[in-house]
Each structure stands twice: as structure tokens, then as C-alpha cells.
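The lines below spell out each chain.
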Amino acid sequence: MVVFACAGCGAVMTARVSRVALPDHAGQKYGHGLLPSLLEPGTYVVDPGDGRPWQPSEPEPEARGVRLLTYHLSRPPNRIGIAPGDVRGTVFVPERLGGCCCGWDGRYGPNLACAECGCPVATRVDDCGFWQVVWLEPEAVRPVAVDGPVQRVTDWAELPTTPPVDPRGFWSPLWEAAVAVALAHLLAASGGRRVSVPEGPVAEAFRRAIDSLLPPGPPERHLVLAGPGLSTPITDIALAPRHPQTGRVWPCDAGAVVPMAAGVWTYMAFHDDRRLVPAASGMPAVVRRDDPPPLLPYSPFRPDGRVFLSTLERLAVARQPWLRRIHDRVKDHPSMDPFT
């Protein structure tokens, strides 16, 4: 385990934390409500970012004699994300507490400073529509090894499961982000050729996107589920779980492996929410059942378009002309199928 300390004065900035894999929804903006913390207490992640530093956007046109200068969100490399409750020894930087609605979105750069020396060390994000997180600036802090319990690595057979629908009847944002990441990898693995997918939750999540983004016609590539508890034949494309702590992808014999968040993969592999056809004879009318049917969403499934584009941009294969055309089409028309 480690704590992070101020690189300037050495003051401790965090509780004891252990590293886990960066969640697919780390860069997601979802709706207008208040979202929970991005990370569990006692954990941290490292975000490779997009390599761009904080920088001002182009000045907006002058309005009523005032020339406005706005900032855009960027993701400098190797920022360290922790849960807001794990922060210690910091104070707010008042002039950097910009936000959109209910909190701070971090648009003006680091808004937390070391309480001892005053150096800006982190950016707190907790506005509506953002997963709540504190991003420590990599050059402003340093890790310090500390004694603590050794983090137990979850066995593959104990992977968590993430339901696809929230209690309100909406598709889970975790699913929308996880499927968006997997979709980018699936397109890259397809080589631009039609892909078949298994029936059930996998088809619910991917088939509409395949119909919209890949050429029509009979499938030339085949996606199958591969992972713990499944006997998977050798195939050309496998959809395999990515461990939530280590980030490792389940090893399998396939021409290409599409990684997917473990909780979403587990649900796809072992649940099927399709309605059953009533049998000729069923339960007697006098027998009452108290188990409710599974929640059904109000709309077709939609992967997160922003997460899809950011993932695609990081893949080297995205430089190929056919995949670049898909990227540009989605970027220019964000409301196209399957993203709306």
C-alpha cells in the first residue's frame, strides 16, 4: 500500500490506498444527476490520459465589450485518481472552483492545494454528470510505501456482476461505457468485416452497433464469449473479461481478444433476460409468486459515444482509413445509430 505525499514539503495527501485498474467509465459524462464516486475507498488508479496539457481554448467572440476566455477539459498523462473521501491535508483554491451546476468540474485546473505549503496538488471533480473523483497531479505528489494489509486479488471465479438496468429502468451508465470500450476493440478486430455475435445480452448490446457501423451481408468473423466457467472453442474473436484489480485480460486461444469490464462480462455470460414463452400448462392460478420479473429498459441499448471515440483514438489500428472513416462519421454525427 502507499500514501501520496506533497512533492514540495512531504506532507501526506491521502489515506492508504492500493492500485486497481482504471474503470471504463473514468472519462464518462452521464446525464445531469449526481453520480457516486468513481473508485472504492482505499483504491487508486493511474490514467494514461491523452497527453495534452491544460490549455485555454480559442477566445470566444467579444460579447457586450467583454472578451471571454474559456478552458476545455483535457487529460494530462499519469494523473492519479482517488476517492474524494481518501484525501487528506488539502485546502481549496477559490479562484479555480469553476463548475457547471451542482459542483466543480475541474475545468480550470488543480483546485486543491497542500495545506502545509500551498502548492496546487489535485483537481476535485464532483459536478452533476461527472463521476466524483480527485485527480492528483503526478508532478505535484509522490508515492510513499507504507505498512498495511496486502490487497487480496479476486479470483477469476469470484468476478462481480453488474446488472444492465438501474432501479429507475434506465440502462446502466457502467454498461454504456463498458460496451463502448469493447465496441471500439471489436471494430478494430473485425478488419471491417461483418461480425456475428451470440444471442442474448451480447446481441442486445452489440448487434445494433454492428448493423450501423459495419458493412451489411453474411458474417465473415465470429465473436464468442470466453472466460472463467465457459468452455470456449478456438475462434477468431473472443469477448473476454478484464480483471477489475490487475487489468489483465482472461487468456484464451483466439485470433483477437476483445476486453470487457468484468462485471458486465459476467452478466452477459451467465444471465439471459429474454422473456420466456408461456408453456401450455403453468403454475396453478391460486399460487402466488413474489419474485418480480427482471427490469426492462425504456429504450434500445446505446453505447456511450464519447467513450467509444476516446477509446478508438487510442488504438493504433484506428489510423487505418476504413476505421478512421467510422471514427469521423460518429464524431461528425454523434446522434447517429447506435448512439442515440
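Right above here is the structure, for reference.
Notes on the structure in this doc start here. (Residues numbered from 1 in each chain as written. Predicted model: local features only at pLDDT ≥ 70, side-chain atom pairs only at ≥ 80, totals over all residues. Heavy atoms only, no water.)

### Remarks on the pairing of strand 1 (residues 2-6)
Working step 1: Across the five residues that make up strand 1, a large majority, five, are buried.
Working step 2: When strand 1 meets strand 9 (residues 141-145), the two strands line up antiparallel, connected through five bridges. The partner of V2 across the bridge, within strand 9, is A145. (Buried < 20%, exposed > 50% of the residue type's maximum accessible area, 1.4 Å probe, protein only. Helix = DSSP H or I, 4+ residues; strand = E, 2+ residues; numbered from the N terminus. Pairing = 2+ DSSP bridges.)

### Some remarks on the sheet that holds strand 8 (residues 133-136)
Working step 1: Within the open sheet, the seven strands sit side by side as 2-3-4-8-7-6-5. Their pairing is mixed. At either margin of the open sheet sits one strand with a lone partner, and together these are strand 2 (18-19) and strand 5 (90-92).
Working step 2: Here strand 4 (residues 79-82) pairs with strand 8 via three bridges, running antiparallel. Bridging across to strand 8, I82 finds its partner in V134.

### A closer look at the side chain of S190
Working step 1: With respect to the helices and strands, the residue S190 is situated in helix 1 (residues 173-190).
Working step 2: For S190, a relative accessible area of 0% corresponds to the buried category.
Working step 3: Within the local environment of S190, its side chain forms a polar contact with the backbone oxygen of L187, the two atoms lying 2.7 Å apart.
Working step 4: Not counting residues up to four positions away in its chain, the partners in contact with S190 are V195, L214, R221, I237 and W322. (Polar contact = N/O pair within 3.5 Å; in protein donor to acceptor, adjacent residues only side chain to side chain. Contact = heavy atoms within 4.5 Å.)

### Some remarks on the environment of T246
Working step 1: By the element assignment, T246 lies in the loop between strand 12 (235-242) and strand 13 (254-261).
Working step 2: Through-space distance from the C-alpha of T246 to that of A21 is 5.8 Å; in sequence the pair is 225 residues apart.
Working step 3: Ignoring sequence-local partners within four residues, the contact set of T246 consists of A21 and V153.
Working step 4: Looking at T246, its side chain comes within polar contact range of the main-chain nitrogen of R248, at 3.2 Å.

### Here's the deal with the side chain of D127
Working step 1: Relative to the helices and strands, D127 resides in the loop between strand 7 (120-125) and strand 8.
Working step 2: In this structure D127 is buried but unpaired, with R107 as the nearest side chain of opposite charge at 6.0 Å.
Working step 3: Engagement of the side chain of D127 in a polar contact is seen with the backbone nitrogen of G103, the distance being 3.0 Å. (Lys, Arg positive; Asp, Glu negative; His and termini not counted. Salt bridge = Lys/Arg side-chain N within 4 Å of Asp/Glu carboxyl O.)

### A closer look at the pattern of salt bridges
Working step 1: The full count for this structure, using the stated rule, is 10 salt bridges.
Working step 2: The partner of E158 in a salt bridge is R152, and the shortest N-O contact between them spans 2.7 Å.
Working step 3: The class of E158 is partly exposed, set by a relative accessible area of 42%.
Working step 4: As a salt-bridge pair, D337 and R208 come within 2.8 Å of each other at their nearest N and O atoms. Placement of the pair is D337 in the segment after helix 5 (321-332) and R208 in helix 2 (residues 201-213), with a sequence separation of 129 residues.
Working step 5: Classification of D337 by relative accessible area gives partly exposed; the value is 40%.
Working step 6: Classification of R208 by relative accessible area gives partly exposed; the value is 24%.

### A word on the sheet that holds strand 11 (residues 221-225)
Backbone-to-backbone hydrogen bonds pair the strands of a sheet. The strands run either parallel or antiparallel.
Working step 1: The four strands lie next to each other as 10-11-12-13, forming an open sheet whose pairing is parallel. The sheet is open, and its two edges are formed by strand 10 (195-196) and strand 13, each paired on a single side.
Working step 2: Contacts from helix 1 reach strand 10, strand 11, strand 12 and strand 13 within the one sheet, and its direction differs from that of strand 13 by about 165°. (Axes fitted to C-alpha atoms, helices over the stretch in contact; angles between N-to-C directions.)

By themselves these figures say nothing about function.
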